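Observations on the three-dimensional arrangement
The chain contents come next:
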Amino acid sequence: MNDSPWATEPVPAGPAYDALVGPHTRPMPIVPDAAGRDFDDREARDRGAADGGPPFRAETPPQEPMPSPPPPPSQAPQDATPPQKKRAGRDLRAAIGVGVGLGAVIFASLFIVKAVFVGVIVVAVVVGLWELTSRLQEKKGIKAPLVPLAVGGAAMVIAGYVRGAEGAWVAMALTALAVLVWRMTEPPEDYLKDVTAGVFAAFYVPFLATFVAMLLTADDGPERVVTFLLLTVVSDTGAYAVGWRFGKTKLAPRISPGKTREGLFGAVAFAMAAGALCMEFLIDGGVWWQGLLLGLAVAVSATLGDLGESMIKRDLGIKDMGTLLPGHGGIMDRLDSLLPTAPVVWLLLAAFVGTG
């Protein structure tokens, strides 16, 4: 017998037990909840959650929406950007107009009075020197003295026309000396850099241009100058046309990304064809096969000259040397392929037909 004060005597089972406990142990009625689930459903759900498994849900899990089919090709968005056609990087109308105007001035001065054409060369040289020295000072702080360069450059062209190659070399030496002396009037800082740039400018612009004046001294001088200009322009045009249409392989991407090997082949083909025609019909004593060699040399020298000035402009961080010629840039942007081509044409014509 239990001695606990709270202990009670066990109630024997039987009718008396049922009468005492029965009314209090009736099962609770099943009442649905607000979602329509009954107690058994909720109890099963709670048991599942207590056991660590997913709670039991009576409702059907939601279905993922079916993706809508893509629109037919006829209903494709209309705002897609169409492929862009290749376009020239400059204003072609302005470039053609300026080119025609310059050509008219050149041809008129060539075939009327030779001395006038020499004056045209002098003006181009002085303006080109001004553009080059201005960009050097603006972008690199290099002060190449313009006054001795301009005076010496004009003297160089005139000396080449009057005295030939000997006069040109003497004028070049005197111009370099004038640059050295002129720069001594300023402080010595950056002296070496300034005079080096000055001597380079004297050789690059007026000395190379002197060979154009020397072409003019021959009996068929105007025809030689026309051949020189025509071959250079045809080479540039062939490179542009073929490169724009068929160019895929870059020629020198680090220097001039727009130039392609296909464009170079176009320059060679166009220049060789034009050279054969010029030597056959313009140059006294010339034959067509000499024109092929002349055209090949012009295409190579013109391309190298263009790449050379592109290298200078990339070093300076500029696109054009100037803005004097709409659609072309500056004077130096037109002289880039002409300057290194002039001595090549003079030398080959002298070898083929002489200098007279």
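Reading the values: the criteria
Residues numbered from 1 in each chain as written. Predicted model: local features only at pLDDT ≥ 70, side-chain atom pairs only at ≥ 80, totals over all residues. Heavy atoms only, no water. Salt bridge = Lys/Arg side-chain N within 4 Å of Asp/Glu carboxyl O. Helix = DSSP H or I, 4+ residues; strand = E, 2+ residues; numbered from the N terminus. Buried < 20%, exposed > 50% of the residue type's maximum accessible area, 1.4 Å probe, protein only. Phe/Tyr/Trp six-rings, centres within 6.5 Å; stacked < 30°, edge-to-face > 60°. Lys NZ or Arg CZ within 6 Å of the ring centre and 35° of its normal. Expected span 1.5 Å × (residues − 1). Contact = heavy atoms within 4.5 Å. pLDDT = per-residue confidence, 0-100.

For the structure shown, the criterion picks out seven salt bridges. The closest approach of N and O atoms between Lys 259 and Asp 306, which form a salt bridge, is 2.8 Å. Of this pair, Lys 259 sits in strand β2 (residues 256-260) while Asp 306 sits in helix α9 (residues 288-316), and the two are 47 residues apart along the sequence. The partner of Asp 333 in a salt bridge is Lys 313, with the nearest N and O atoms 3.0 Å apart. Residue Asp 333 is found in helix α10 (residues 331-335), and its partner Lys 313 is found in helix α9; the two are separated by 20 residues along the sequence. Across the pair, exposure class does not vary: Asp 333 and Lys 313 are buried alike.

Our focus in this paragraph is the packing of aromatic side chains. Evaluation of the coordinates by the stated rule reveals seven aromatic pairs. With 5.4 Å between their ring centres and 15° between their planes, Phe 200 and Tyr 204 make a pair best called stacked. Of this pair, Phe 200 and Tyr 204 are both found in helix α6 (residues 191-216), four residues apart, which corresponds to roughly one turn of the helix. Accessibility expressed as a relative area gives 38% for Phe 200, which makes it partly exposed. Accessibility expressed as a relative area gives 11% for Tyr 204, which makes it buried. Here the aromatic rings of Trp 289 and Phe 352 are separated by 6.2 Å at their centres, their planes lie at 70°, and the arrangement is edge-to-face. Separated by 63 residues along the polypeptide, Trp 289 in helix α9 and Phe 352 in helix α11 (residues 338-353) bring together distant segments of the chain. On the accessibility criterion, Phe 352 (22% relative accessible area) is partly exposed. Within the aromatic cluster, the residues linked to one another by ring pairs are Trp 169, Phe 203, Phe 207, Phe 211 and Trp 346. Sitting above the plane of the Phe 246 ring, Arg 245 keeps its charged end 5.1 Å from the centroid.

For helix α8 (residues 261-281), spanning 21 residues, the distance from its first C-alpha to its last is 30 Å, which sits close to the expected 30 Å at 1.5 Å a residue. The complete set of buried residues in α8 reads Gly 263, Gly 266, Ala 267, Val 268, Ala 271, Ala 274, Gly 275, Ala 276, Cys 278 and Met 279. Looking at the buried positions of α8, the neighbouring elements they touch are α7 (221-246), β2, α9 and α11.

With that out of the way, let us pick up the confidence of the model for the protein. Mean pLDDT for the protein: 82, with 73% of residues reaching 70 or above. The secondary-structure element of the protein with the lowest mean pLDDT is helix α2 (residues 39-50), recorded at 47, while α6 shows the highest, at 97. Taken together, the stretch residues 1-9 has pLDDT below 50 and engages in two contacts with residues farther than four places along the chain or on a different chain. Across residues 33-60, where pLDDT falls below 50, the model places 21 contacts with residues more than four positions away in sequence or in other chains.

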